[in-house]
Amino acid sequence: MNNSKHLGLKILEARKNINLSQAKLANIIAISPQAIGKWERGESMPDIIMLDKLAKVFDVDLNYFSNESNSGSHKVDLQQNSNKLLSNDSGTHSNNDYSSNWDMSSGDWVDADFSDLKNLKDKFSNSNMKRCKFIGSELSGLLLRGNNIDGCDFTDSEIKSSQIQNSQLINNEFQNCVLQGSEFSQNHIKNCNFSNANLSKVKLISGTFINIEVIKTVWNQTSFIKMYFENIVFEGNIDNCSFDNCRFKKVTFQNAVLTNTFYKGRKLKGVKFINCKADKMTYEFLKNAKADLKEVTLLSYKQL
C-alpha cells in the first residue's frame, strides 16, 4: 500500500473512532471538508503542519501516521479525546481550539451567498467559485491564489490592499468596489465590470484585461506592467498612471484627461484617442510611442 493510501486510512480510522464527521474535523483544523475527503481517499496528503493539527485533535503523536504504527493501541485515547472535543462544541472555546479558524480554501462553491462577509483574508485560495455573491463585503487584505472565479458579484465591496494571483476572473461584477492598493498578478481577467470602482494605486502585472467595462472608474497611480488589453474604452481622469511594456488591441481612450501618465516599451499605433486632453509630459510620452494625436489636445498650465 502506498504512503498516501495508508495515511488516508489512518486519518479515516482516527476520525471515525472519535465520531467526527468530515465537516466537523474540517472546521476544527480550519480546512475544507473536500480536502479531508481527498486525504482519506489517498488522493492527496496533508503537509506537516496539518499532520500536527490532526495529531492534536486525535490526541496521538506523529508516529501514529507512520507505516509501522499499530493503530489499535490508540483507540482508547481517541475516544477520550472525542468526548473532550464534543464538550467544547457548543460553548466557549479554549485558545488551543481550532474551530474558530475557519478556512474554505480548495473548495467548490456554486451559487453561495457570502454577502456582508468580513475577514476573508486567504481563506478562499485555490477554490472554484461560480455565481457566488460577495455584495457589500469587507475583504481588505484578501489573498487569492489559483482561483477560478466565474459569474460572481463583488458589488460595493472593499477589497483594499489585496493580492489576486494566477487566477481566472470571468464574468464578474466589481461595480463600486474599492480596490485601492491591491495587486493583480498573472491573472486572466475577462468580461468583468469595474465601473465606478476605485483602482487607485492598483498594480496589474503580466495578465490579460479583455472586454472590461470601466465607466467612471478611478485611475490614480495605477500601474500596468506587461499587460494585454483588448476591447476596452478608458474614460475620465487618468492621473499618475503608467503603462509599461503593455500590448493593446481595440483599445480606445475617449473623453479622457491624461496627466503625469507614461507609456513605455511598445508603440501605440493601434490605440485610438478620441476627444482627449493631455499634459505636456504625457503628450510627449504618447508622441514618442507613435500614438495618433489628432484628437489629443495639449493642456495649458491654467487647465492643470
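To be clear, the structure that these remarks concern was listed above.
Reading the values: rules and limits
Residues numbered from 1 in each chain as written. Predicted model: local features only at pLDDT ≥ 70, side-chain atom pairs only at ≥ 80, totals over all residues. Heavy atoms only, no water. Helix = DSSP H or I, 4+ residues; strand = E, 2+ residues; numbered from the N terminus. Pairing = 2+ DSSP bridges. Axes fitted to C-alpha atoms, helices over the stretch in contact; angles between N-to-C directions. Core = buried A, V, L, I, M, F, W, Y, C linked by side-chain atoms within 4.5 Å. Buried < 20%, exposed > 50% of the residue type's maximum accessible area, 1.4 Å probe, protein only. Contact = heavy atoms within 4.5 Å. Arc of directions from axis to C-beta. Phe/Tyr/Trp six-rings, centres within 6.5 Å; stacked < 30°, edge-to-face > 60°. Lys NZ or Arg CZ within 6 Å of the ring centre and 35° of its normal.

What about unusual backbone geometry?
Phase 1: Positive phi outside glycine occurs at asparagine 126, with the angle close to 55 degrees.
Phase 2: Considering the arrangement of structural elements, one finds asparagine 126 in the loop between β1 (108-110) and β2 (128-130).
Phase 3: The residue aspartate 156 is not glycine, and still its phi comes out positive at about 65 degrees.

Some details on the sheet that holds strand β7 (residues 183-185)
Phase 1: Pairing is parallel in the open sheet, where seven strands are placed in the order β3-β5-β7-β9-β12-β14-β16. The sheet terminates laterally at β3 (143-145) and β16 (262-264), the two strands that pair on one side only. Between one strand axis and the next, the sheet turns by 5 degrees as a mean value, whatever way the strands run.
Phase 2: Relative to strand β5 (residues 163-165), β3 runs parallel, the two being bridged by three bridges.

Quick look at the nonpolar core
Phase 1: Phe124, Phe194, Phe209, Phe229 and Phe253 are the most contacted members of the largest nonpolar core, which has 60 residues in total.
Phase 2: Mapped by element, the contributors of at least two residues to this core are β13 (228-239), β15 (247-259), β17 (271-274), β18 (276-278) and α6 (280-288).
Phase 3: For this core, the element with the most residues is β15, which contributes five residues.
Phase 4: Here phenylalanine 124 is in contact with Met104, Ser105, Trp109, Phe114, Leu117, Met129, Phe134, Leu144 and Asn147, once residues within four sequence places are set aside.
Phase 5: By size, the runner-up hydrophobic cluster in this structure holds 22 residues, among which are Leu20, Ala26, Ala35 and Phe65.

Side note on α6
Phase 1: Those residues of α6 lying buried are Thr282, Tyr283 and Leu286. Down the axis of α6, the sector holding all buried residues measures 100 degrees, keeping them to one side. Counted as exposed and oriented over 90 degrees from the buried face of α6: Lys280 and Asn288.
Phase 2: Each element contacted by the buried residues of α6 is listed here: β15, β16, β17, β18 and β19 (296-298).
Phase 3: Positive backbone phi, at 65 degrees, marks lysine 290, one or two positions downstream of α6.

Re the pairing of β13
Phase 1: Strand direction decides the pairing type here: strand β10 (residues 208-210) and β13, joined by three bridges, are parallel. Of the residues in β13, the one forming a bridge with phenylalanine 209 is phenylalanine 229.
Phase 2: Strand direction decides the pairing type here: strand β11 (residues 219-220) and β13, joined by two bridges, are parallel. Of the residues in β13, the one forming a bridge with asparagine 220 is aspartate 239.
Phase 3: Two strands pair when backbone bridges link them, and β13 and β15 are joined in this way by ten bridges, in the parallel orientation. By the bridge assignment for β15, tyrosine 228 is matched with arginine 247.

Topic: the packing of aromatic side chains
Two descriptors summarise a pair of aromatic rings, namely the distance from one centre to the other and the angle between the planes of the rings.
Phase 1: Overall, the coordinates contain 24 aromatic pairs when judged by the stated rule.
Phase 2: Ring geometry for phenylalanine 229 versus phenylalanine 234: centroids 6.0 Å apart, planes at 70 degrees, classification edge-to-face.
Phase 3: Above the plane of the ring of tyrosine 64 lies lysine 10, whose end atom (NZ or CZ) is 4.8 Å from the centre.

Focus: the pairing of β17
Phase 1: By the alternation rule, side chains of β17 split into Val271 and Phe273, which are all buried, and Lys272 and Ile274, of which none is buried.
Phase 2: Where β15 lies against β17, four bridges are found, and the strand directions are parallel. If you follow valine 251 over to β17, its bridge partner there is valine 271.

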